[in-house]
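A structural walkthrough
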Amino acid sequence: MKRIFLYLLLVLACSACRSDRPSADLSPQIYLDQMQYTLGKNSVDIVLTAQTAPKADLRIPYRLSGTALVGEDFSVDADAFVLKAGETSAKITLTSLREREEAKILQIALLPQQLEGYIIGVKDYCLVNLLGKDGYLFSFTKNEDKLAYIGTFAIELSSMTGRYRVSTPTVIDLEIDPKSTAVLGEHYEFVKGQSITVARNRNTGTFQIRMLRHEAGKDKIILHFAEREGFAEGVNGSLAITITGPQNLSGEWLLKAVVNKAYLESPDNGYEAKVDEIMSINSGDKLSLSGGVMEYNLSTSLTGKLANYLPKQGKLRLSDEKILELYESSGSASFGIYSLPGVNIKFDATQQSLREANIGLRITQNSDKAEVLEMTIYDFEPLAPSWANVLGIMGDMTYTPLRLHFVRQ
């Protein structure tokens, strides 16, 4: 109740400091971008905007008031907003100085003044809530990323004093920054809605975005967290995503190697699958991909054992994008996941079981810096003895895929 009363007093005080303005004055306005901000244990930018850029630098002073004390609870980097000639925005930065037992409130009000060619707009003040020790922070795990087809992005929660896990499922909403150039519903969509659910007893959550169309100049998505009582932005308060579109896989590709052969056959990992039972690299084995980035016509020319898996002709359709573990190098990479009908999942010359299978594809480079099509085959049910043993132990081949390299001709 005390905080609500204080909040009302600040609003009344701010309203009283406004000067009357003629309703007929059509001069461009200068105003604060937001009416409310939250300051956690880091810093926050207070942004001022002009409807048109000035020809000469403008200095717009402000007044501070409230229960938060400058020099004790926070610092501020300038005593005025300085709007540079030719620019339409300026900012001051507030930085938290110490951990507070209780939340405090700060008011920033633009001082009434005569500005040649401008008027101070209605949004001439804002309130800043300084979180106490029981406040929370949300942050994206990255401040920038890329989107090829379907991207998975993560957030994490923390408290002002350290790690924080939610006691009940918690929904965090996202906002799209107006500076984004990509258009929601035209260039991209949220796969399961514009929010993240952090599960009980967890401090992380994920959301997915699907690319709908790649258009030059309209490829930026900038996301923020929606305002939430008791929360402030952490280290990465925004996420800038560049839509790159899927890699173009078109071309003639010559089969060169099973790059994870040594890993699969190593006694150290316990699989000891004999690669030569199902794979061989024959001179001239190749495949051809033609078409667009979402769908390719596949044509294979194979005399080796890969012909026991891939059909001679087929159509690859992009259906997903996944981060796949590269167990042989202790890394991971993003692959386009393509569905392909007519695959012999038994990987056998004498027995067939044809169905649609998923294959991971990406463009990378080998040690000679040559362009490589990397194929990850994980959707199969091999009959060869050592491989059938692995399948029986693992249940599927997700952790024991074949990783093939094709070099562009």
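So, here's what we can say about the structure. (Residues numbered from 1 in each chain as written. Predicted model: local features only at pLDDT ≥ 70, side-chain atom pairs only at ≥ 80, totals over all residues. Heavy atoms only, no water.)

Let's talk about the overall build of the protein chain
Each helix and strand in the protein chain was counted, giving 3 helices and 29 strands. In terms of overall dimensions, the protein chain is more spread out than a globule: its C-alpha atoms have a radius of gyration of 29 Å, far above the 22 Å expected for 409 residues. Expressed as lengths along the three principal axes of its C-alpha atoms, the size of the protein chain is roughly 90 × 45 × 35 Å. Burial statistics for the protein chain: of 409 residues in total, 42% are counted as buried. (Helix = DSSP H or I, 4+ residues; strand = E, 2+ residues; numbered from the N terminus. Rg over C-alpha atoms; globule rule 2.2 N^0.38 Å. Buried < 20%, exposed > 50% of the residue type's maximum accessible area, 1.4 Å probe, protein only.)

Notes on the pattern of salt bridges
By the definition in use, this model includes 20 salt bridges. Salt-bridge contacts for Lys133 lead to Glu101; the nearest nitrogen and oxygen are separated by 3.8 Å. Here Lys133 is found in the loop between strand 10 (125-130) and strand 11 (136-140), whereas its partner Glu101 is found in the loop between strand 7 (89-96) and strand 8 (104-110), with 32 residues between them in sequence. Given a relative accessible area of 33%, Lys133 falls into the partly exposed group. (Salt bridge = Lys/Arg side-chain N within 4 Å of Asp/Glu carboxyl O.)

Observations concerning the sheet that holds strand 10
Strand order in the open sheet formed by 5 strands is 2-10-8-4-6, and the pairing between neighbours is mixed. Single-partner strands in this sheet number two, and they are strand 2 (36-39) and strand 6 (80-83). Here the average twist between neighbouring strands, direction ignored, is 25°. (Pairing = 2+ DSSP bridges. Axes fitted to C-alpha atoms, helices over the stretch in contact; angles between N-to-C directions.)

Quick word on the packing of aromatic side chains
As enumerated under the stated definition, the model contains 18 aromatic pairs in all. Look at Phe140 and Phe207: their rings are 6.4 Å apart centre to centre, the planes differ by 65°, and that puts the pair in the edge-to-face class. Pair noted here: Phe140 is in strand 11 and Phe207 is in strand 18 (residues 204-211), with a separation of 67 residues, a long-range link. By the burial criterion, Phe140 is buried, and Phe207 matches it. Ring plane angle 15° and centroid distance 4.9 Å describe the contact between Tyr309 and Phe347, whose orientation is recorded as stacked. Residue Tyr309 is found in the loop between strand 24 (295-301) and strand 25 (313-326), and its partner Phe347 is found in the loop between strand 26 (331-344) and strand 27 (354-365); the two are separated by 38 residues along the sequence. When its relative accessible area of 1% is taken as the criterion, Tyr309 is described as buried. Judged by its relative accessible area of 3%, Phe347 is buried. (Phe/Tyr/Trp six-rings, centres within 6.5 Å; stacked < 30°, edge-to-face > 60°.)

Re the nonpolar core
Among the nonpolar cores identified, the biggest contains 43 residues, and Met279, Leu306, Trp387, Leu402 and Leu404 are the most heavily contacted of them. With 4 residues, strand 27 is the single largest residue contributor to this core. Residues contacting Leu404, with those up to four places away along its chain left out, are Leu255, Ala257, Val258, Met279, Leu306, Leu373, Glu374, Met375 and Ile377. Within the second largest apolar cluster, 27 residues are counted, among which are Ile46, Ile60, Tyr118 and Cys126. (Core = buried A, V, L, I, M, F, W, Y, C linked by side-chain atoms within 4.5 Å. Contact = heavy atoms within 4.5 Å.)

Details of a negative patch on the surface
Together, Asp173, Glu175, Glu227 and Glu229 make up a region of like negative charge exposed at the surface. Within the element layout of this structure, Glu175 appears in strand 15 (residues 170-176). (Patch = residues over 30% accessible without salt bridge, like charges linked within 9 Å, V, L, I, M, F, W, Y side chains within 5 Å. Areas by Shrake-Rupley, 256 points an atom, 1.4 Å probe, with all protein chains shown as cover. Lys, Arg positive; Asp, Glu negative; His and termini not counted. Charge placed at Lys NZ, Arg CZ, Asp CG, Glu CD.)

A few points about the environment of Ser283
As for its placement among the helices and strands, Ser283 is situated in the loop between helix 2 (261-265) and strand 23 (286-291). On a C-alpha basis, the gap between Ser283 and Leu302 in space is 9.2 Å, while along the polypeptide they are 19 residues apart.

Examining the environment of Trp387
In this structure, Trp387 sits in helix 3 (residues 385-394). Residue Trp387 is classed as buried on the basis of its relative accessible area, which comes to 0%. Contacts of Trp387, omitting those with residues within four sequence positions, involve Leu264, Ala273, Lys274, Val275, Glu277, Ile278, Phe380, Pro382, Met397, Thr400 and Leu402.

Quick look at the sheet that holds strand 22 (residues 251-258)
In space, the 8 strands of this closed barrel follow the order 22-23-24-25-26-27-28-29, with antiparallel pairing throughout. Shown here is a sheet whose adjacent strand axes are inclined to one another by a mean of 40°, direction ignored.

Quick look at the environment of Ala80
Here Ala80 shows up in strand 6. Since its relative accessible area comes to 3%, Ala80 is described here as buried. Distance in space between the C-alpha atoms of Ala80 and Leu111 is 9.8 Å, their sequence separation being 31 residues. Not counting the four nearest positions on each side in its chain, Ala80 is found in contact with Arg59, Ile60, Pro61, Tyr62 and Ile92.

Notes on helix 3
For helix 3, every residue scored as buried is listed here: Ser386, Trp387, Val390 and Leu391. Angularly, the buried residues of helix 3 cover 140° about the axis, an arc narrow enough to put them on a single face. Exposed side chains of helix 3 directed beyond 90 degrees from the buried face belong to Pro385, Gly392 and Ile393. In the core, the buried residues of helix 3 are packed alongside helix 2 and strand 29 (402-408). (Arc of directions from axis to C-beta.)

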